[in-house]
Amino acid sequence: MAIPHWLLMSALCLLPLLAQVSAQEPGCSVSNNNPSVPENECPLVVATIHVQPGFTLTIDPSNPDGQFFTIEGSELQLTKCVDYEKDPVLLLSLTCKDPAGQSDSLQILVTILNKNDNSPEFPQPNITRQIPEDTEVDAVIVARQEVTATDADLETIYYELTTTVQNTDGYFAIRGVNNPEIYLQTALDYDKFNSTTLLLYARDRPVTSPEPTNTATATITITIKQSDTRAPWFLPCTQLHNDTSVCISSPYSGRVNISEMSTDPLLLEPGPIHAVDPDYTISDRIVYRIVGGNTNEVFSVDADTGNLTMNKIVTSPDSFLLQVMATQVSNVRKYSVATVEIKVINKSNFPPYFEKRVYNGTVFVGLPQRSFVYQAGDPSTPLVITAMDQDFPDKVNPNIEYYLKNSTDFIATRDGLILTNKVLESPGTVAIQAVGKDVLSLQEASTIIVVEIILATAVTPSDKMYSAQDMAILGGTLAALLLIALVFLGVLVWKSSRWHGKSIKYLMKKKLSKEISEGHQNKYYQEDEQPDVSTKQHETSEGRSVQTETPVPEQPALASHFSSAVETESLPKGSISSTVIFDQEEEEEEEQEEEAGQEKEVKSILKTDRHVADDGYKAVWFKTDVDPEAGERVEVIEDNAADDDNDDDDSDQDVQKNEEEEEEEEGSDTDGHHRGLGVSFSSENSSLPAAEVTANTSHTGAGTDDTEM
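Residues numbered from 1 in each chain as written. Predicted model: local features only at pLDDT ≥ 70, side-chain atom pairs only at ≥ 80, totals over all residues. Heavy atoms only, no water.

(A) Spotlight on the overall build of the chain. The helix and strand inventory of the chain stands at 5 helices and 41 strands. For the chain, restricting intrachain contacts to residue pairs at least 6 apart in sequence, the fraction spanning at least 24 positions comes to 66%. Of the roughly 41,600 Å² that the chain leaves accessible, carbon and sulfur atoms contribute 52%. (Helix = DSSP H or I, 4+ residues; strand = E, 2+ residues; numbered from the N terminus. Contact = heavy atoms within 4.5 Å. Areas by Shrake-Rupley, 256 points an atom, 1.4 Å probe, with all protein chains shown as cover.)

See the structure below:
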C-alpha cells in the first residue's frame, strides 16, 4: 500500500522538532527561545535555563553575540547594553553536553526593543546669511536641505522658528511644521534693524505632546545689507508718525529787495537748501538744479552746495516760486523736489523798535483763559504793546507780529494785546520778553512786560473786569440790535414810499370827499371876471389837466346862456354824499386869482329851493328834494350801482365822454358864445361808492355871474 504524499511531507517536517524535543528533554532547555529586551538596559534576565543532572550548558564562544550574555545559575542574563540603532536583533547559541560527551546546540533569538533615546540632529547647527534690504517678500533665505534634521530613532521631526532679537518677529518664517525651509515673510527695513538671530528647533514629538521629547537646535544668523531704496531728503524734515522711512520737509522761503542785487547766497528759512541720501550706509552724492519757477533766470543754485544766488536784479514786486530738484549721482531715478518761495520786498532801512522798554500790567487770579491783561493803574484799559517802524510815514508797520519768548502762561495777539493762556492760580510778578517781528524783512525788536498777578477783590460794577468772551458776547448783542433797527427802518421807508407813490388824483379825491362830507361847502367858488377870454379844454392821458388857449375878441352882441348839463354815473344805493374833485391846473389858476386880490364867495352846493331868477347859476339837489314842477329845466340822473373795484375806471371813462361832448358843442356853436369852461367832479373812495357830476357853465360878455354848485 502506497503512503500518501502529504502524509510523508508532514512527517518529514515534524522530524526535526521531534528530534529537538527528544534531545532537549533529556538534558537542557530554556523558558523562551525568542525573548525581547529593551535597548540600552542591562543587566537584564533574558530567559530561565533547565539542565538535567550530568548535563552541562555553555555559551558557544564562536558566536559573536555571545559577548552580551552570561549564564548565572539557571538564568540567562544580558550583561552588556545593546543599542537598537546598532544591533536590533541578537542570536545566541548554547551548547549542551551529556555525560557521554556528546553535545547539542540550542539557538535563542533575542529581539532588541527600540526606545526614543536619541535627539534629532541638524546637518549644520550654525548657519549665517547676508541678505539685501530690498529682498522680495516670500524669497527663500535658507533652503530646506540645509536645515532638515535627522533622528536615529527614525521618529517624525517637528520644527519651530523663533527669534532672539526684539521687534524682529514676523519677518522670517518656515514653510510648515514639518518643512523647515526659511523664507522672508515681511519686507525689511534697514532703519528698524540690520541683523537678527533665528533659532530653529527640531523635536521628535509635537510641542503639545505629554511624552518626553528630544530636541535639537540650529542657530541662523541673518545680516541685512542696506539697499538704495529711498530718494534724497531735504533737511530739516519731520518723520511721519515716528516712521523712520518717511520724512516730510517744509518749503524754503527767502526775501530779496526790489531793484537790489545780492552777491551773497540768499538766507532762507528754515535753513539753507540741503538734501541727504537717507540710505546713509550708501550716502550717495547729491546734486542740485532749478527745474521750475525761475522767471527770466533771475536765480541760480550751486549744483554741489545748494546755495541760492541772484543773477540779476528784480524790478517788480512779484514773488518767485522756485522748484529745486536734488538727485543722486549714481542713480538719477532717486530724486526729490523742494519748493523755494522768494518774496520781493521794499528795502527796510530801519528795524522796528518799542517806544517803551518796559510795559507794566496787572491781572487777577482765577480769571478764565484768554482774559485781558490790563495796564497797571488803569484796570479798564487792556495792555497793548506796539512796535514802531520808521520805514513807514506813520511808523505803523502792518507786517509786524508779536509773540512771547519765555512764558507759556501768557500769549500775545497779532495786534499786541496780552492775554492769559491759562487760569492763574496764585499771585506774583512775572517778567516776560515780548518780540515784535517784521514778517517780511525778518527784523525784530524786543521789550519787557512785567505782569503783576493779584488776588481778585470785590469790585464795583464800574470797576468790573471783562474778559474777551464777555466783550464778544456784548458785541454780538449790539450787532443783533442794530440789525433789527435797520430792518424796522427799512419797513418804515417802504411804507412811506408806498404812501407817497399814490396818485395826486387819489389824494385829492380823499381830501375833497372828507371836506364835502363834513361841511358840504364849495370852497372853490369864484367869479369869472374875464368873460371875453375863452379856453379850450384838453385832457391828458393821466392827469386830465385843463390847458388855456389864446384869448379871442369879445362879441357882446351875442350874449346868451348855455344850458347846464349834469351827468351822474355810478351813484350807489345808500350813499349819503358826493365827492367833488377839481383838476389840479384849475386850482393853480384859482390860487393866482386869489393873489391878484379877487374876491371869492363860498356858497353851499346843496339847495332845497330854486333860484330861477338868478341866471348863470347852476344848482345840484338830491333827488328827493327836486320840485316835481321843475319840468325840463331840471335833469334827473338815475341811480346806477357799481362795484367799488371799478370806480376809478368808470370815472375816467365818464370824464372823457363829457369832454368829447363839450368839444362837439363848442364846434357847433355859431352864435359867438364863449366856450364854456369844463369842470369835472368825481368821487373815488375805497370804502364808499362814488358818483361823478360834470357841469358846463357859460357867462355873458357883460355880466359877472356867480356859479353855485
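Moving on, there is more to tell.
(B) Structural context of a nonpolar patch on the surface. On the surface, M471, L474, L478, L481 and I484 cluster together into a nonpolar patch covering about 500 Å² of accessible area. Residue position: L481 is located in helix α2 (residues 468-500). (Patch = residues over 30% accessible without salt bridge, like charges linked within 9 Å, V, L, I, M, F, W, Y side chains within 5 Å. Salt bridge = Lys/Arg side-chain N within 4 Å of Asp/Glu carboxyl O.)

(C) Inspection of the pattern of salt bridges at higher detail. Within this structure, the stated rule accounts for 14 salt bridges. In this structure, the salt-bridge partner of D191 is R230, at a minimum N-O distance of 2.4 Å. Here the residue D191 occupies a position in the loop between β13 (179-184) and β14 (195-203), and R230 occupies one in the loop between β15 (215-225) and β16 (233-234), the gap between them amounting to 39 residues. In this structure R230 comes out as buried when scored by relative accessible area, which is 9%. The partner of D409 in a salt bridge is K422, and the shortest N-O contact between them spans 3.2 Å. Here K422 lies in the loop between β34 (418-420) and β35 (428-438) and D409 lies in the loop between β32 (400-404) and β33 (410-412), a separation of 13 residues in the sequence. Here K422 falls in the partly exposed class, since its relative accessible area comes to 42%. Beyond isolated ion pairs, a larger network of salt bridges with shared partners links D138, R175 and E181. (Buried < 20%, exposed > 50% of the residue type's maximum accessible area, 1.4 Å probe, protein only.)

(D) Representation of the state of the cysteines in the model. Per the stated rule, a full pass over the model turns up 3 disulfides. With a sulfur-sulfur separation of 1.8 Å, C237 is cross-linked through a disulfide to C247. One disulfide, between C237 and C247, carries an S-S torsion of 100 degrees and so falls in the right-handed class. Of this pair, C237 sits in strand β17 (residues 237-240) while C247 sits in strand β18 (residues 243-249), and the two are 10 residues apart along the sequence. (Disulfide = S-S within 2.5 Å.)

(E) Fine view of unusual backbone geometry. Cis geometry is found at the peptide bond from L235 to P236, where omega equals -5 degrees. In this structure, P270 follows E269 across a cis peptide bond, with omega equal to 0 degrees. Here P270 is to be found in the loop between β20 (268-269) and β21 (275-276). In this structure, D138 takes a positive phi of about 80 degrees despite not being glycine. Unusually for a residue other than glycine, L442 sits at a positive phi of about 65 degrees. Mapped onto the fold, L442 is located in the loop between β35 and β36 (444-454).

(F) How the structure looks around the pairing of β15. Burial along β15 is one-sided: the face carrying A216, A218, I220, I222 and I224 is buried and the face carrying T215, T217, T219, T221, T223 and K225 is not. Of the strand pairs in this sheet, strand β9 (residues 126-132) and β15 are connected by 7 bridges, and their pairing is parallel. Bridge pairing links Q130 to T223 in β15. Of the strand pairs in this sheet, β14 and β15 are connected by 9 bridges, and their pairing is antiparallel. Within the sheet, the bridge partner assigned to L200 lies in β15 and is A218. (Pairing = 2+ DSSP bridges.)

(G) Up close: the side chain of D277. Tracing the chain through its elements places D277 in the loop between β21 and β22 (286-292). Comment: no salt bridge for buried D277; closest opposite-charge side chain is R230, at 6.6 Å. Within the structure, D277 has its side chain in polar contact with the backbone nitrogen of D279 (distance 3.1 Å). Of the polar contacts made by the side chain of D277, one reaches the backbone nitrogen of D284; its length is 3.0 Å. The residues contacting D277, other than those within four sequence positions of it, are D228, R230, I282, S283, D284, I286 and Q328. (Lys, Arg positive; Asp, Glu negative; His and termini not counted. Polar contact = N/O pair within 3.5 Å; in protein donor to acceptor, adjacent residues only side chain to side chain.)

(H) Structural detail: the packing of aromatic side chains. Inspection of the entire model under this criterion finds 8 aromatic pairs. Residues F354 and Y359 carry aromatic rings whose centres are separated by 6.3 Å and whose planes lie at 80 degrees to one another, so their mutual orientation is edge-to-face. Given a relative accessible area of 10%, F354 falls into the buried group. Measuring from centroid to centroid gives 6.2 Å for F372 and Y374, while their planes differ by 70 degrees, and the two rings are edge-to-face. For Y374, a relative accessible area of 5% corresponds to the buried category. Every member of this aromatic cluster is reached through a ring pair, and the members are F354, Y359 and Y402. Cation over ring: R175 sits above Y183, and NZ or CZ is 4.2 Å from the ring centre. (Phe/Tyr/Trp six-rings, centres within 6.5 Å; stacked < 30°, edge-to-face > 60°. Lys NZ or Arg CZ within 6 Å of the ring centre and 35° of its normal.)

(I) Summary view of the sheet that holds β36. In spatial order, the strands read β30-β29-β28-β36-β35-β32; together these 6 strands make up an open sheet with mixed pairing. A strand with exactly one partner marks an edge of an open sheet, and here the two such strands are β30 (378-382) and β32. As judged from the 2 bridges shared by strand β29 (residues 374-375) and β30, these two strands associate in the antiparallel manner. From the neighbouring strand, Q375 faces β30, where its bridge partner is D378.

(J) Broad picture of the environment of Q52. Mapping Q52 onto the fold places it in the loop between β3 (44-51) and β4 (56-59). When its relative accessible area of 36% is taken as the criterion, Q52 is described as partly exposed. With 23 residues separating them in the primary sequence, Q52 and S29 have C-alpha atoms 8.9 Å apart.

(K) Fine view of the sheet that holds β20. The 5 strands are arranged β20-β19-β26-β25-β22 in an open sheet whose pairing can be described as mixed. Looking at the sheet topology across the chains shown, the edges are occupied by β20 and β22.

(L) Quick peek at the nonpolar core. Among the nonpolar cores identified, the biggest contains 26 residues, and F172, I182 and L200 are the most heavily contacted of them. Elements that contribute at least two residues to this core include exactly β9, β10 (140-142), β11 (158-163), β12 (172-176), β13, β14 and β15. With 5 residues, the single largest contributor to this core is β15. The contacts of I182, once residues within four sequence positions are left out, are V140, I141, V142, L161, F172, A173, I174, L198 and I220. Residues F234, I273, L308 and V340 belong to the second largest nonpolar core, which totals 23 residues. (Core = buried A, V, L, I, M, F, W, Y, C linked by side-chain atoms within 4.5 Å.)

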